[in-house]
Amino acid sequence: VEAVHQGTWSGSPAAYVPAWFGELASSALRLDPGISPRWFGHVGFHLWFLGFLLAFSVLGVPVFRFLERDGARRAISRLVGWADRPGGSLLLAVPITVVHLVLRPAFPAEHDWADFGYLLAFFVTGYVLVGEPRLLAAVRRDGMVALAVGVAGFAGLLAGFASGLAERWVTDPAYNLESSLVTILFSVYAWSWVVVALGLGLRARRLQSPPPGWVGTFGMPFYLLHQPVILVIALFVVQTGASLPVKLAVVLVTSLAATVGLCRLLVRGRLAATLLGVKSRPGGRAASPPQAAAA
């Protein structure tokens, strides 16, 4: 769909499949030799993130063991003490920001070590956060402060793109004051919205109980299917004469409905459910779709 829309392919979908694998192989061979997270970016579409999560889970084991040592526990205790102050949960943005500052100018390419290290820092910070009740209490307390920082950060990024400063940071980050300020703004802005979301989850009663079982059943299938569905629907919607807000609304609503519908249909079959990453129940049976679970 992308290739036809962008004018890089005019043949049949069936003929494009081997051509796409050829492009994938040649693109991978053009990468610099050595271990790089950019390999995950060449599996196609949005699937790179699954590779990142797998790597985070493997790398996280020794990191989490290190964090259980006495010296690391003392450092975390000091951090917990600082977080007791109003707005203290935003201090957790510091390690994320430091990692971003160090890596972004050296590895500016998409899905390279800067993206990998930045997201890994979120992963490790989340581990520390959920293991400390006082940090969770700080997040619950700081929701409004984080919301104010997030809104201010959003306005700052808009101003940065309007002035061209943020765009230069995207295309050519450097170890200078200008680029560092954008990196700090982006990192603190991102963490503040994490605090907002977690704070809301810790406060809202309706979010305290576990979601229905089918939500977990649909988790991986929904992630795998949503982007192809969006692309197919958007291919037709963008060519209409409707306004941009109308196009956006149509794509959002129809793609959500279509993705959920596909999930309901496909998870009924054992083979399709397995290929879509649905966990099996004891006895080798895939988790039931909503209507079966309700019955």
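Reference entry: report on the structure contained in this document. Every chain begins its residue count from 1, and numbering advances along the sequence as written. With the structure being a predicted model, the display of local features is reserved for residues of pLDDT at least 70 and the display and counting of side-chain atom pairs for 80 or more, all residues being used for whole-chain, interface and lining totals. Here the side-chain values reflect all heavy atoms present in the structure, with hydrogen atoms and water set aside.

A run of DSSP states H or I qualifies as a helix once it reaches four residues; a run of E qualifies as a strand once it reaches two. Both are numbered from the N-terminal end. Per the secondary structure count, the protein includes 14 helices and zero strands. Each helix and strand of the protein, placed in order from N terminus to C terminus, yields the pattern α-α-α-α-α-α-α-α-α-α-α-α-α-α. Along the three orthogonal principal directions, the C-alpha set of the protein runs to about 60 × 55 × 45 Å. Accessible area is worked out with a 1.4 Å probe on protein chains only. A residue is then buried under 20% of its type maximum, exposed over 50%, and partly exposed in between. Going through the 295 residues of the protein one by one, you find that 32% of them count as buried.

So, on to unusual backbone geometry. Positive phi is not limited to glycine here, since H111 has a value of about 65°. With relative accessibility at 10%, the residue H111 sits in the buried group.

Listed in full, the buried residues belonging to helix α7 (residues 133-141) are L135, A138 and V139. Take α7 and look down its axis: the buried residues cluster within an arc of 100°, on one side only. Contacts made by the buried residues of α7 are with α4 (70-83), α6 (113-130), α8 (143-163) and α10 (177-203). Here, the arc refers to the directions that run from the helix axis to the C-beta atoms. Here, two residues are considered to be in contact whenever any of their heavy atoms come within 4.5 Å of each other.

Attention shifts here to α8. Relative to the 30 Å expected for 21 residues at 1.5 Å per residue, α8 spans 30 Å between its end C-alpha atoms, a close match to the ideal helical length. Within α8, burial applies to G143, A146, G150, G153, L157 and G160. Along the axis of α8, the buried positions cluster into a sector of 100°, meaning they face one direction only. Exposed and oriented more than 90 degrees from the buried face of α8 are M144 and A162. Phi turns positive one or two residues past the end of α8, at G164, with a value near 90°. Helix span is expected to be 1.5 Å times the residue number reduced by one.

Bringing the nonpolar core into the picture now. The set of buried Ala, Val, Leu, Ile, Met, Phe, Trp, Tyr and Cys residues whose side-chain atoms join them within 4.5 Å is what this entry labels a nonpolar core. Counting 30 residues, the largest nonpolar core has L67 and W191 as the members making the most contacts within it. The element best represented in this core is α6, accounting for eight residues. Counting residues in hydrophobic clusters, the runner-up holds seven residues, among them F218, L225, A273 and L276.

What counts as a ring pair is set by centres within 6.5 Å for rings of Phe, Tyr and Trp (its six-membered ring), and what kind of pair is set by the plane angle: stacked under 30 degrees, edge-to-face over 60, tilted for all other angles. According to the stated counting rule, one finds 16 aromatic pairs in the structure shown. Clustering of aromatic rings is evident, with ring pairs tying together F40, W48, F49, F52, F56, F64, W113, F116, F123 and Y127.

What follows deals with the packing of helix α5 (residues 93-103) against α10. Two elements in contact, α5 and α10, have axes separated by 9 Å at closest approach and are oriented at 145°. The way α5 lies across α10 gives a crossing that is right-handed. Residue-level contacts link A93, I96, T97, H100 and L101 of α5 to S180, T183, I184, F186, S187, V188 and W191 of α10. When the residues that make up the contact of α5 with α10 are grouped by side-chain class, the tally is seven nonpolar, five polar and no charged. Axes here mean lines fitted to C-alpha atoms, for a helix over just the part in contact, with angles spanning 0 to 180 degrees between N-to-C directions. Should the near helix be turned counterclockwise from the far one by less than a right angle, the crossing is left-handed, whereas a clockwise turn marks it as right-handed. Classification used: nonpolar for Ala, Val, Leu, Ile, Met, Phe, Trp, Tyr, Cys and Pro, charged for Asp, Glu, Lys and Arg, polar for all others including Gly.

Grouping into patches uses exposed residues only, defined as over 30% relative accessible area, and leaves out salt-bridged ones; the cut-off is 9 Å for like charges and 5 Å for nonpolar side chains (Val, Leu, Ile, Met, Phe, Trp, Tyr). Here, Shrake-Rupley sampling with a 1.4 Å probe gives the accessible areas, and only protein chains in the shown set may cover a residue. The term salt bridge refers to a pairing of a side-chain nitrogen on Lys or Arg with a carboxyl oxygen on Asp or Glu at a separation within 4 Å. Nonpolar side chains collect at one region of the surface, where W82, L91, V94, V98 and V102 lie side by side and expose about 440 Å² of accessible area between them. Of the residues forming the nonpolar patch, the biggest block, three residues, is contributed by α5. Considering the arrangement of structural elements, one finds W82 in helix α4. Judged by relative accessible area, W82 falls into the partly exposed class, the value being 46%.

Here we take up the pattern of salt bridges. Oppositely charged side chains can pair when the atoms bearing their charge come close. Across all of its chains, the model carries five salt bridges by this definition. In this structure, R134 and D84 form a salt bridge, with 2.2 Å as the shortest nitrogen-oxygen distance. Of this pair, R134 sits in helix α7 while D84 sits in the loop between α4 and α5, and the two are 50 residues apart along the sequence. Taking the relative accessible area as the measure of exposure, R134 reaches 45% and is therefore partly exposed. When the shortest N-O distance is used, the salt bridge between R141 and D142 registers 2.8 Å. The class of R141 is partly exposed, set by a relative accessible area of 34%. The exposure class of D142 is buried, given its relative accessible area of 2%.

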